[in-house]
Amino acid sequence: MRRVAAALVGILGLLVAACGGGGGERLSKAEFTTQANAICGKYEKQLKALDAPTSLEEVPDLVDKALAILNKEVDEISDLNPPEELEDQFDALIEQTNNTKAAADDLADAAKANDEDAVQQALDEGNAASTRADQIAGQLGLDACKG
């Protein structure tokens, strides 16, 4: 049970840490950074406002709420068209965000099944993807996109 309690504390961190080019005219680096940070800042506030679960039974509902917010964030930020020199990193950021979202889905399934080992595995996978996403976001100057 101690492992489950520790896992519950990490769930919000996993979901908040995720952030996720787009089409249209390419943005300058300054425009891209400003717009992406504004998008991430808006949605990170919403994610951080979610209450941490106190039991495994609450995890699926939290994941659903967090993924709804995260999907809006990723959709909005994916519409940005970064400068060409940042495109590969930006694509990698979106890929890691999608990996985090997949881990969150796995987490919800594991919680519904009351499978503590699968909960931990999903958290580990999600945290690894979130860590990579944070590193990429930092390289891009997207501090508001880091969890």
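Every chain begins its residue count from 1, and numbering advances along the sequence as written. Where totals are concerned, whole chains, interfaces and linings use all residues; where local detail is concerned, this predicted model gives features only for residues with pLDDT of at least 70, and gives and counts side-chain atom pairs only at 80 or more. Values shown for side chains rest on all heavy atoms present in the structure; no hydrogens or waters enter the calculation.

What about the overall build of the chain?
Thought 1: Looking only at helices and strands, the chain has 5 helices and 0 strands in total.
Thought 2: A run of H or I in DSSP counts as a helix once it spans at least four residues, and a run of E counts as a strand once it spans at least two, with each numbered from the N terminus. Counting from the amino terminus, the chain carries its helices and strands in the arrangement α-α-α-α-α.
Thought 3: Counting over 147 residues, the chain shows a buried share of 46%.
Thought 4: For the chain, the exposed area adds up to about 7,200 Å²; of that, 47% sits on carbon and sulfur atoms. Only protein chains enter the accessibility calculation, which uses a 1.4 Å probe; a residue is then buried when its area is under 20% of its type maximum, exposed when over 50%, and partly exposed in between. With residues, only the protein chains shown are counted as cover, and all accessible areas are computed by Shrake-Rupley using a 1.4 Å probe.

Comments concerning the confidence of the model for the chain
Thought 1: Confidence of the predictor in every single residue is expressed as pLDDT, which spans 0 to 100. Of all residues in the chain, 84% have pLDDT values of 70 or greater, and the mean over the chain is 84.
Thought 2: Considering each helix and strand of the chain separately, the mean pLDDT is smallest for helix H1 (residues 2–16), with a value of 48, and largest for helix H2 (residues 29–48), with 94.
Thought 3: It only takes one pair of heavy atoms within 4.5 Å for two residues to be counted as in contact. Here residues 17–21 scores under 50 on pLDDT; set against residues more than four positions off or in separate chains, the count is 29 contacts.

Brief notes about the environment of glutamine 89
Thought 1: By the secondary structure assignment, glutamine 89 is in helix H4 (residues 87–112).
Thought 2: For glutamine 89, a relative accessible area of 27% puts it in the partly exposed group.
Thought 3: Residues glutamine 89 and isoleucine 136 lie 47 residues apart in sequence; the distance between their C-alpha atoms is 6.6 Å.
Thought 4: Sequence-distant contacts of glutamine 89, that is, excluding residues within four places in its chain, are made with Ile136, Gln139 and Leu140.

Some words on the pattern of salt bridges
Thought 1: Salt bridges are identified by distance alone: a Lys or Arg side-chain nitrogen within 4 Å of an Asp or Glu carboxyl oxygen. This structure, assessed with the given rule, holds 4 salt bridges.
Thought 2: One salt bridge in this structure joins arginine 26 and glutamate 87, with 2.7 Å as the shortest N-O distance. You can see arginine 26 sitting in the loop between H1 and H2 and its partner glutamate 87 sitting in helix H4, a full 61 residues away along the chain.
Thought 3: Judged by its relative accessible area of 35%, arginine 26 falls in the partly exposed class.

Some points on the nonpolar core
Thought 1: Here, nonpolar core refers to any group of buried Ala, Val, Leu, Ile, Met, Phe, Trp, Tyr and Cys residues whose side-chain atoms link them within 4.5 Å. By size, the foremost hydrophobic cluster in this structure holds 23 residues, and its most contacted members are Phe32, Ile77, Leu80, Phe90, Leu93, Leu140 and Leu142.
Thought 2: Secondary structure elements with two or more residues in this core: H2, helix H3 (59–78), H4 and helix H5 (116–140).
Thought 3: In terms of residues, this core owes the most to one element, H2, which gives 6 residues.
Thought 4: Ignoring any residue separated from it by four or fewer positions in sequence, one finds phenylalanine 32 in contact with Leu27, Leu80, Pro82, Pro83, Leu86, Phe90 and Leu142.

What about the packing of H3 against H4?
Thought 1: Across the interface, H3 lies against H4 with an axial gap of 9 Å and an inter-helix angle of 165°. By the criterion of interaxial angle, the relationship of H3 to H4 is roughly antiparallel. The crossing of H3 and H4 is left-handed. Every residue of H4 that contacts H3 at Val59, Pro60, Val63, Leu67, Leu70, Asn71, Val74, Ile77 and Ser78 is listed here: Phe90, Ile94, Thr97, Lys101, Ala104, Asp105, Leu107, Ala108, Ala111 and Lys112.
Thought 2: In the contact of H3 with H4, the residues fall into 13 nonpolar, 3 polar and 3 charged. Axis definition: a line fit to C-alpha positions, over the contact stretch in the case of helices; interaxial angles, taken between N-to-C directions, run 0 to 180 degrees. Oblique is the label for any angle not under 35 degrees, not over 145, and not in the 65 to 115 range, which are roughly parallel, roughly antiparallel and roughly perpendicular in turn. Definitions for this section: a left-handed crossing has its near helix turned counterclockwise from the far helix by less than a right angle. A right-handed crossing has that turn clockwise. In this classification, the charged set is Asp, Glu, Lys and Arg, the nonpolar set is Ala, Val, Leu, Ile, Met, Phe, Trp, Tyr, Cys and Pro, and all remaining amino acids, among them Gly, are polar.

Some words on the state of the cysteines
Thought 1: What counts as a disulfide here is a pair of cysteine sulfur atoms lying within 2.5 Å. Applying the stated criterion to the full structure yields 1 disulfide.
Thought 2: There is a disulfide in this structure between cysteine 40 and cysteine 145, and the S-S distance comes to 1.9 Å. Since a negative S-S torsion denotes a left-handed disulfide, the cysteine 40-cysteine 145 link at about 85° is right-handed. Taken as a pair, cysteine 40 in helix H2 and cysteine 145 in the segment after H5 lie far apart in primary sequence, 105 residues in all. Across the pair, exposure class does not vary: cysteine 40 and cysteine 145 are buried alike.

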